[in-house]
Structures are given as structure tokens and as C-alpha cells.
Amino acid sequence: MGMVVNCAAYEDGRRVADIDIDKLDDWPAKDGRVIWIGLHEPDAELLTKLQRHFGLHELAIEDAHAAHQRPKLEVYGDSLFLVLRTAQLIEGKVQFGETHIFAGRGYVISVRHGASVSYAEVRRR
């Protein structure tokens, strides 16, 4: 199944636990809690699993699975889907990639495709 880079719970801005992607039901939404799942080039099976759990829109899931999207912001009910272009200098050449972000009450799911630096530092902050 796909590539899970990170899956953690944050409460009041602090990381409180690493979470097994198969045990998301053990971490229900509550005020002050956010689950951040970081993925790198996930497969369709993993995206479908997250779609069911978080109620993600079908069109956004299709976009997140297929890289080469234009930058955009889509609003689906009370959730957001963003497509961002990324660039990274690799061996003196600029390589481009994408990050797709699902955001809603109590969750952030980042999906990286192609060249992109890790978001570990962002998660630490």
C-alpha cells in the first residue's frame, strides 16, 4: 500500500502521538486535535482508504492520484483541496513536483509527487 511518510496526531499545536495508518478510528476528531498524514506518491488503494475515512471528494482523490495538475484551490463542502507546484535544486538542475493538500476539520493530508523537500521541519514547527 502507498507510501506513508508520516501519520501523527497534534493537539493544541504539539505532536502527541505517531499513529498507525490502519488505526485512524482510534483518534476521533475533537477540538484542538489535528491528524496530519504525509504521503509520497501513494497508490490508489491508500487514497481510497483515506477517502472513505475522511469523506474526501472523488474528484480530488482522482487529482491527487494523478500528478501533473495545475495549481488550484477547490472547496468541497467544509473541506479544501489545494494543488501546489514545488521546485527543488537537484545536482544543479531545478526539478519540479507537486504537493496536493486535503484539509478539513481535524485533518491535513499532504500528498507529494516528484521533486519536493520533506515537510518534517514544518511538522516540527
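Higher on the page you've got the structure.
Conventions adopted
Residues numbered from 1 in each chain as written. Predicted model: local features only at pLDDT ≥ 70, side-chain atom pairs only at ≥ 80, totals over all residues. Heavy atoms only, no water. Buried < 20%, exposed > 50% of the residue type's maximum accessible area, 1.4 Å probe, protein only. Helix = DSSP H or I, 4+ residues; strand = E, 2+ residues; numbered from the N terminus. Arc of directions from axis to C-beta. Contact = heavy atoms within 4.5 Å. Axes fitted to C-alpha atoms, helices over the stretch in contact; angles between N-to-C directions. Parallel < 35°, antiparallel > 145°, perpendicular 65-115°, else oblique. Left-handed = near helix turned anticlockwise from the far one by under 90°. Nonpolar A, V, L, I, M, F, W, Y, C, P; charged D, E, K, R; others polar. Pairing = 2+ DSSP bridges. Phe/Tyr/Trp six-rings, centres within 6.5 Å; stacked < 30°, edge-to-face > 60°.

(A) Examining helix α1 (residues 44-54) more closely. Along α1, the residues that are buried comprise L46, L47, L50, Q51 and F54. Along the axis of α1, the buried residues cluster in a sector spanning 140°; they form a single face. In this structure, α1 carries E45 and R52 as exposed residues pointing more than 90 degrees from its buried face. Taken together, the buried residues of α1 touch β1 (4-11), β3 (33-40), α2 (58-65) and β7 (107-114). Looking at the residues trailing α1, positive phi occurs at G55, about 70°.

(B) Local environment of the packing of α1 against α2. Running from amino to carboxyl end, α1 crosses α2 at an angle of 150°, the nearest separation of the two axes being 10 Å. Accordingly, the angle class assigned to the pair α1 and α2 is roughly antiparallel. Of the two possible hands of crossing, α1 and α2 adopt the one that is right-handed. Residues A44, L47 and Q51 of α1 form the contact with α2, whose own contacting residues are E58, I61, A64 and H65. Of the residues belonging to the contact of α1 with α2, the class tally is four nonpolar, two polar and one charged.

(C) Highlighting the pairing of β3. The buried fraction of β3 amounts to six of the eight residues, a majority that puts the element mostly inside the structure. Note: β1 against β3, seven bridges, orientation antiparallel. Paired with V4 across the two strands is L39, which belongs to β3. Two elements, β3 and β7, share six bridges in a ladder whose sense is parallel. By the bridge assignment for β7, H40 is matched with R112.

(D) View of the packing of aromatic side chains. For the structure shown, the criterion picks out two aromatic pairs. Where F54 meets Y107, the ring centres are 4.7 Å apart and the plane angle is 40°; that geometry is what we call tilted. Of the two residues, F54 sits in helix α1 while Y107 sits in strand β7, which places them 53 residues apart along the sequence. The buried category is assigned to F54, whose relative accessible area is 18%. Both rings, one in F81 and one in F102, keep their centres 4.8 Å apart while their planes meet at 45°; by these two values the pair is tilted.

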